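# Residue-level structural notes
As a plain string of letters, each chain reads:
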Amino acid sequence: RAEHRVAAVRAAARSQQVAALNTWQSDHAAVLESALRERDEQARRANNAIAELQEGQRAQMLLREENARLANAAKASRGVTAKLEAALKAQEQTIASLRTQIRA
């Protein structure tokens, strides 16, 4: 009889240990799942931030290209203006010369 009692006490103790272990595992699994969800959310936010930075870099590159294009257009415009001013000056000189010839 005593052996049956010892066996029963041991079985009850094992049962309690298994229950405690199951509870511990369940609690830790929930904590790990929560930590993984938080990590995934942080990774998502980081990826979004990286995408926004890359988009900003692309926008900066496009702005630099547009600025270079505008600078080239302005340079070409200044060249055309200089040529027009030279042609106008030549015409003015021709007109002045013709006036002088007419007076003479």
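In what follows, the accompanying structure is described. (Residues numbered from 1 in each chain as written. Predicted model: local features only at pLDDT ≥ 70, side-chain atom pairs only at ≥ 80, totals over all residues. Heavy atoms only, no water.)

## Structural notes on the overall build of the protein chain
- Counting its regular elements, the protein chain contains one helix and zero strands.
- Against the globule reference of 13 Å for 104 residues, the protein chain gives a C-alpha radius of gyration of 44 Å, more extended than a compact globule.
- Its C-alpha atoms give the protein chain principal-axis dimensions of roughly 150 × 10 × 5 Å.
- Sorting the 104 residues of the protein chain into buried and exposed places 0% on the buried side.
- For the protein chain, the accessible area works out to roughly 9,600 Å², and carbon and sulfur atoms hold 58% of it. (Helix = DSSP H or I, 4+ residues; strand = E, 2+ residues; numbered from the N terminus. Rg over C-alpha atoms; globule rule 2.2 N^0.38 Å. Buried < 20%, exposed > 50% of the residue type's maximum accessible area, 1.4 Å probe, protein only. Areas by Shrake-Rupley, 256 points an atom, 1.4 Å probe, with all protein chains shown as cover.)

## With respect to the pattern of salt bridges
- Across all of its chains, the model carries six salt bridges by this definition.
- Residues Glu41 and Arg44 are paired through a salt bridge, measuring 2.4 Å at the closest nitrogen-oxygen approach. Here the residue Glu41 and the residue Arg44 both occupy positions in helix 1 (residues 2-103), the gap between them amounting to three residues, near one helical turn.
- Given a relative accessible area of 26%, Glu41 falls into the partly exposed group.
- The partner of Glu66 in a salt bridge is Arg69, and the shortest N-O contact between them spans 2.6 Å. Taken together, the positions of Glu66 and Arg69, both in helix 1 and three residues apart, correspond to about one turn of that helix.
- Residue classification places Glu66 among the partly exposed positions, given a relative accessible area of 31%.
- Given a relative accessible area of 46%, Arg69 falls into the partly exposed group.
- Residues joined in a network through salt bridges with shared partners are Glu38, Glu41, Arg44 and Arg45. (Salt bridge = Lys/Arg side-chain N within 4 Å of Asp/Glu carboxyl O.)

Everything listed here is a matter of coordinates, which is why it stays silent on function.
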